[in-house]
Amino acid sequence: MEYVYAALILNESGEEINEDNLTDVLDAAGVDVEESRVKALVAALEDVDIDEAVSEAAAVPAGGAAAGGAAAGGDAGGDEGGDEEEVEETSDVPDTTDEDDDEDDDAGGEGLGELFG
């Protein structure tokens, strides 16, 4: 991740993202620089508009929020949307009420107790 952060710093400061500049930023941060990773990142970012990519990433909600937003939009459509919402929520949320899991947790705890006395 340090390499990506260094590229973001260069982009934000208006500097060109090239191998020398990226290496200088990483050196200044105290990172052990691997030339192959620097070259790969510079090549990968060659045709990328970083400002656009960052703004698009900021506009997309994280994880479950996207599914929840889509399901909430389905409610406004009518009764059919409510059925779809229920299916989406149950498929996205793991079932944690299984009694067998409790037994497995107890067995795992006993095993650790034996290892550590």
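Note: the structure precedes this text.
Residues numbered from 1 in each chain as written. Predicted model: local features only at pLDDT ≥ 70, side-chain atom pairs only at ≥ 80, totals over all residues. Heavy atoms only, no water.

### As for the overall build of the protein
For clarity, the cut-off: Runs of H or I in DSSP of at least four residues are treated as helices and runs of E of at least two as strands, each being numbered from the N terminus. Burial status follows relative accessibility: with a 1.4 Å probe on protein chains alone, a residue under 20% of its type maximum counts as buried, one over 50% as exposed, and anything between as partly exposed. We call two residues in contact when some of their heavy atoms are within 4.5 Å. Note on areas: Shrake-Rupley with a 1.4 Å probe; residue coverage comes only from the protein chains shown.
Helices and strands together make up the secondary structure of the protein, namely seven helices and zero strands. For the protein, the succession of helices and strands along the chain, N to C, is α-α-α-α-α-α-α. Across the 117 residues that make up the protein, the buried fraction comes to 13%. Long-range contacts, defined as pairs at least 24 residues apart, comprise 39% of the intrachain contacts of the protein with a sequence gap of at least 6. Summed over its atoms, the accessible surface of the protein is roughly 8900 Å², and 50% of this surface lies on carbon and sulfur atoms.

### Details of the nonpolar core
In summary, soluble globular proteins display a tendency toward joint burial of nonpolar side chains. We apply this condition: Throughout, nonpolar core names a set of buried Ala, Val, Leu, Ile, Met, Phe, Trp, Tyr and Cys residues whose side chains join them through atoms within 4.5 Å.
By size, the foremost hydrophobic cluster in this structure holds ten residues: Tyr3, Ala6, Ala7, Leu10, Leu22, Leu26, Val31, Val38, Leu41 and Val42. Those elements giving two or more residues to this core turn out to be helix H1 (2-13), helix H2 (19-28) and helix H3 (35-44). Element by element, the count of residues in this core is highest for H1, at four residues. Contact partners of Ala7, with chain neighbours within four places excluded, come to Ile17, Leu22, Leu41 and Leu45.

### Quick notes on a negative patch on the surface
Formally: In this scheme, patches are assembled from residues that exceed 30% relative accessible area and form no salt bridge. Like charges are connected within 9 Å, while nonpolar side chains (Val, Leu, Ile, Met, Phe, Trp, Tyr) are connected within 5 Å. In the sections that follow, a salt bridge refers to a side-chain nitrogen of Lys or Arg positioned within 4 Å of a carboxyl oxygen of Asp or Glu. In summary, the charge assignment counts Lys and Arg as positive and Asp and Glu as negative, without counting His or the chain termini. By convention, the charge on Lys lies at NZ, on Arg at CZ, on Asp at CG and on Glu at CD.
On the surface, Glu19, Asp20, Asp24, Asp27, Asp32, Glu34 and Glu35 cluster together into a patch of negative charge. The biggest single contributor to the negative patch is H2, with four residues. Looking at the element boundaries, Asp32 is found in the loop between H2 and H3.

### Concerning the packing of H1 against H3
Filter applied, for reference: Between N-to-C directions, angles cover 0 to 180 degrees, with each direction set by a line fitted to C-alpha atoms, over the stretch in contact for helices. Here the angle decides the label: under 35 degrees means roughly parallel, over 145 means roughly antiparallel, 65 to 115 means roughly perpendicular, and every other value means oblique. For a crossing to be left-handed, the near helix must be turned anticlockwise from the far one by less than a right angle; the clockwise case is right-handed. As a working rule, the residues Ala, Val, Leu, Ile, Met, Phe, Trp, Tyr, Cys and Pro are called nonpolar, Asp, Glu, Lys and Arg charged, and the rest polar, with Gly in that last group.
Two elements in contact, H1 and H3, have axes whose closest approach is 10 Å; the angle formed by their N-to-C orientations is 50°. Taken together, the axes of H1 and H3 lie oblique to each other. The hand of the H1/H3 crossing is right-handed. On H3, the residues touching Tyr3, Val4 and Ala7 of H1 are Arg37, Val38 and Leu41. For the contact of H1 with H3, the per-class residue count stands at five nonpolar, no polar and one charged.

### Points about the packing of H2 against H3
Between H2 and H3, the shortest axis-to-axis distance is 10 Å and the interhelical angle comes to 125°. When the interaxial angle is binned, H2 and H3 end up oblique. Seen from above, H2 lies across H3 with right-handed handedness. In contact with Glu19, Leu22, Thr23 and Leu26 of H2, H3 contributes Val38, Lys39, Leu41 and Val42. Classifying every residue of the contact of H2 with H3 gives five nonpolar, one polar and two charged.

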